Amino acid sequence: MIRFTVLSLFLLLLCTGSSAKSAKFDEPDESEENDDVAAVPSCCGFSAPLLVKKDQWQPIFSTKFGEISTVQIGDGCGGMGPYKIHSITLEPNALLLPLLLHSDMVFFVDSGSGILNWVEQEATSTEIRLGDVYRLRPGTVFYLQSKPVDIFLGTKLRIYAIFPNSQECLHDPCFGAYSSVTDLLFGFDETILKSAFGVPEEIIGLMRNRTQPPLIVHDMLTTPGEANTNTWPLQTRLLKLFSGSADSVDNKKKEKEKEKKEKKKKPKKANTFNVFESEPDFQSPNGQTITINRNDLKVLQGSMVGVSMVNLTQGSMMGPHWNPWACEISIVVRGSGMVRVLRNSISRSSSECKNMRFKVEEGDIFAVPRLHPMAQMSFLNDPLVFVGFTTSAKNNEPQFLAGKNSALWSLDREVLAATFNVSNFMIAGLLEAQKEAVVLGCPACAEGELEKLKEEEQPPQPFQPQPPEEKPKQPPQPFQPQPPQGEPQKPFQPQPGQGEPQEPQASMETKIRDEERKREEEEAKKDEEERWKQEDNLWPSQHQWEA
C-alpha cells in the first residue's frame, strides 16, 4: 500500500509538472526571448519521404455523405512529430458527429462552407468558408455541419487539418488525433453509466442496443445552412460532459437554474482568419504570399503551428530560401509545379543525401525540414497554389538567397568575392542585378526541372561489351628480295668537340623542365589577365552602376 501511494504521488507530480508546462505554454509570454524558445521546436528533419502523392492518402472513414483520410509526415524528431494531416470532406447538408480532440488542431478550409460548433469552456460556433483558418485546442469537443451547394465556394466542404504530436504526460501512442463521443460513452459498463448519469439502467441499455450511426450522416438537425439554436441546451450539457467542464449532477436545483440560463443564452461567436479577405504580405505580377501567425489569429497563441499560403502565377518561382525556425508541410490546393530541395552539406558522405527535385500536383503533400534551402516553381501553362503548415507560430522570416531581400547582402563583399573566386565588382553586379524579391519570374524553370527529373528517373543502361572488330584477312604476299640501296651504310663515328664540354643528359632534362614550367606560368598569367578583361566587359562601368 505504501509503495502504491508513493508511485501514485510520483505520477501525480510528474503529470502536474507537465500540465504546468502546458498551461504556461498556452499563456502569451511577454518576454520576446522566452517566446522564441517556446515557439521553436527542436526539429531534426523528416526521415520519411518529402513527397506524398494524392493516391497515397490513407482512408479512415467513408460514406456517401463524406469521407476522412490521413497521411503521416515523419516519424518523430527531437521530441516533436510525427505530424498527421487529415482531409475531412462533407457532402452538402452533411453532419460530422461530435469528436473529442486529443491534440492541437489547426485547419484550412479548401472549399465549401459550413458551421463549426465546439465546447471548450463554453459553447461556441462560427461559420467557416473557403480560405478560413482556425485552431481548436486539445480537449475540445466539436462537430461540423456543411451548408447546401454553393457555386462560388464549392459543392463540398473540405478542410485540411494538421495534428502535431501530443507532449502531454504519459502520452498513449494508440490514442489518435480524436475519438468519437459514442465510443467514449459506450466504452464504460452500464452500471458505471447508470451512476454517472443518474438514470435507470434500462435507459443506458436501450441506448446501447440502438444501431450506432456512422461518423458522418445527413444533417437532419436544422434547416439547411442554419445553426440549430433550439437544441443548444442539450448539446451543451452533453458536450461539456466529455470536454471536462461539466458540473456535478448532485445538486439538481443548480442544474435546473443553469438550464434556464442556457436557454436564454445564445452560443458564443468566434472569428476566423480568411486568407482571401486579408492583405497579402507580398504581392507582384508573379504571385503573392500571406502568413498567419499568433499576431494575426489570437487562438494560435500557445500553438506550435502557423499557416501560410503561396500563389504563383504561370511561369513564376518562389525564390530560393530556407526557414530558420520551422519545418514546413505544404498541401497543393490548385495547379501543379516543381519543387527543388537541397540536402547537401560539407560532412555529406552517404549517397542517399542527394539534392531532390519532384513534381507536385493538386492534392499532393510535400514537406521540407528546417534550414533546408528550397524553391517552388510553376509551369508556363499552369499556376501553383499551396497552403503550408509551419511548425512554429512565431514570425518565421524566410531567408532568401537572391533578390532585394537576399541574405548575402549582410555579408562582406570582399569575403563573398573570395568565396566565389571573383572580383568585388562582379559580386556587386550579381547582387544588384535582381530588382524583384520573394516571388520572381522564372519562365520554363519548372519545365527544365521536369526534364532533369525524367533523366534521373531513367534506369542506367547495363554495360554490354562490344565484340572486337575482325579485320579482313589479307592473303600472304610472296617473298620478294629487295635490291641494294646504293652505298653501304657507314659505321657510327663520333663528332669532334666544339670547344665547350657537352652537358650531361640529366642536366639537359632539368633545363627543359624549367623552361616548360616558366612557359606554363606565363600562359597562366596571360589567361588570368584575359579573364579579368572579360569580366570587366560583362558589366557596365562603375559610374553606370552608381547612376
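This one's a predicted model, so the numbers in the text were calculated from it and none came from an experiment. (Residues numbered from 1 in each chain as written. Predicted model: local features only at pLDDT ≥ 70, side-chain atom pairs only at ≥ 80, totals over all residues. Heavy atoms only, no water.)

### Points about a negative patch on the surface
Where like charges cluster on the molecular surface, the negative patch consists of Glu515, Glu516, Glu520, Glu521, Glu522, Glu523, Asp527 and Glu530. Looking at where Glu523 falls in the secondary structure, it is placed in helix 11 (residues 505-538). According to the relative accessible area criterion, Glu523 is partly exposed, its value standing at 44%. (Patch = residues over 30% accessible without salt bridge, like charges linked within 9 Å, V, L, I, M, F, W, Y side chains within 5 Å. Areas by Shrake-Rupley, 256 points an atom, 1.4 Å probe, with all protein chains shown as cover. Salt bridge = Lys/Arg side-chain N within 4 Å of Asp/Glu carboxyl O. Lys, Arg positive; Asp, Glu negative; His and termini not counted. Charge placed at Lys NZ, Arg CZ, Asp CG, Glu CD. Helix = DSSP H or I, 4+ residues; strand = E, 2+ residues; numbered from the N terminus. Buried < 20%, exposed > 50% of the residue type's maximum accessible area, 1.4 Å probe, protein only.)

### Here we look at the confidence of the model for the protein chain
The predicted model of the protein chain averages 75 in pLDDT, with 65% of residues at 70 or higher. Within the model, pLDDT remains below 50 along residues 1-48, and this stretch shows 54 contacts once partners closer than five positions in the same chain are excluded. Throughout residues 242-250 the model reports pLDDT below 50, and contacts reaching past four residues in sequence, or to other chains, amount to 18 contacts. (pLDDT = per-residue confidence, 0-100. Contact = heavy atoms within 4.5 Å.)

### With respect to the pattern of salt bridges
Counted under the stated rule, the structure contains 16 salt bridges. Here Lys53 and Glu361 are joined by a salt bridge, their closest N and O atoms 3.6 Å apart. Pair noted here: Lys53 is in the loop between strand 1 (51-52) and strand 2 (58-63) and Glu361 is in strand 21 (residues 356-361), with a separation of 308 residues, a long-range link. On the basis of relative accessible area, Glu361 is assigned to the partly exposed category, the value being 35%.

### Considering the packing of helix 8 (residues 413-420) against helix 9 (residues 424-432)
At a minimum axis distance of 9 Å, the contact between helix 8 and helix 9 shows a crossing angle of 100°. As the angle between them shows, helix 8 and helix 9 are arranged roughly perpendicular. Judged by residue contacts, Arg413, Glu414, Leu416, Ala417 and Phe420 of helix 8 engage Asn424, Ile427, Ala428, Leu431 and Glu432 from helix 9. A breakdown of the residues in the contact of helix 8 with helix 9 according to their chemical character gives six nonpolar, one polar and three charged. (Axes fitted to C-alpha atoms, helices over the stretch in contact; angles between N-to-C directions. Parallel < 35°, antiparallel > 145°, perpendicular 65-115°, else oblique. Nonpolar A, V, L, I, M, F, W, Y, C, P; charged D, E, K, R; others polar.)

### Some details on the pairing of strand 6 (residues 105-111)
Every regular strand shows the same layout, with side chains that alternate between the two sheet faces. In terms of burial, strand 6 is a largely internal element, seven of the seven residues being buried. Where strand 6 lies against strand 9 (residues 132-136), four bridges are found, and the strand directions are antiparallel. Following the sheet pairing, Phe108 is matched in strand 9 by Val133. Relative to strand 11 (residues 157-163), strand 6 is paired through five bridges, and the arrangement is antiparallel. If you follow Val106 over to strand 11, its bridge partner there is Ile162. (Pairing = 2+ DSSP bridges.)

### With respect to the state of the cysteines
Summed over the entire model, instances satisfying the criterion amount to one disulfide. One disulfide in the model links Cys442 with Cys445; its S-S distance is 1.6 Å. Taking the torsion about the S-S bond as the criterion, the Cys442 to Cys445 disulfide, at about -75°, is left-handed. With relative accessibility at 24%, the residue Cys445 sits in the partly exposed group. (Disulfide = S-S within 2.5 Å.)

### Things to note about the packing of helix 4 (residues 190-197) against helix 5 (residues 201-209)
For any two helices packed against each other, one specifies the inter-axial angle together with the distance between the axes. At their nearest, the axes of helix 4 and helix 5 sit 9 Å apart, and the two run at 120° to each other. With respect to helix 5, the element helix 4 is oriented oblique. Here helix 4 runs over helix 5; the crossing is right-handed. In this structure, helix 4 uses Glu190, Leu193 and Lys194 to contact helix 5, whose residues at the interface are Glu201, Ile204, Gly205 and Arg208. Of the residues belonging to the contact of helix 4 with helix 5, the class tally is two nonpolar, one polar and four charged. (Left-handed = near helix turned anticlockwise from the far one by under 90°.)

### Some remarks on the side chain of Glu449
Structurally, Glu449 is set in helix 10 (residues 445-457). Beyond its immediate stretch of four places on either side in the chain, Glu449 contacts Met338, Arg340, Arg357 and Met377.

### Some words on helix 10
Its 13 residues place the ends of helix 10 19 Å apart at the C-alpha level, agreeing with the 18 Å of an ideal helix rising 1.5 Å per residue. Buried-residue contacts for helix 10 involve strand 20 (328-341), strand 21 and strand 23 (374-378). (Expected span 1.5 Å × (residues − 1).)

### Some points on the packing of aromatic side chains
By convention here, two paired aromatic rings are described through the distance between centres and the angle between planes. Counted by the stated rule, this structure contains five aromatic pairs. A centroid spacing of 6.5 Å and a plane angle of 55° characterise the contact between Phe107 and Tyr134, whose relative ring orientation is tilted. Here Phe107 is found in strand 6, whereas its partner Tyr134 is found in strand 9, with 27 residues between them in sequence. Here Phe107 and Tyr134 have matching classes, each one buried. Cluster of aromatic residues (ring-pair linked, three or more members): Phe107, Trp118 and Tyr134. (Phe/Tyr/Trp six-rings, centres within 6.5 Å; stacked < 30°, edge-to-face > 60°.)

### Observations concerning unusual backbone geometry
For Asn93, which is not a glycine, the phi torsion comes out positive at approximately 60°. By secondary structure assignment, the location of Asn93 is in the loop between strand 4 (83-90) and strand 5 (94-101). Asn93 sits in the buried class, given a relative accessible area of 19%. For Leu371, which is not a glycine, the phi torsion comes out positive at approximately 70°. Following the sequence through the fold, Leu371 ends up in the loop between strand 22 (365-368) and strand 23. When its relative accessible area of 48% is taken as the criterion, Leu371 is described as partly exposed.

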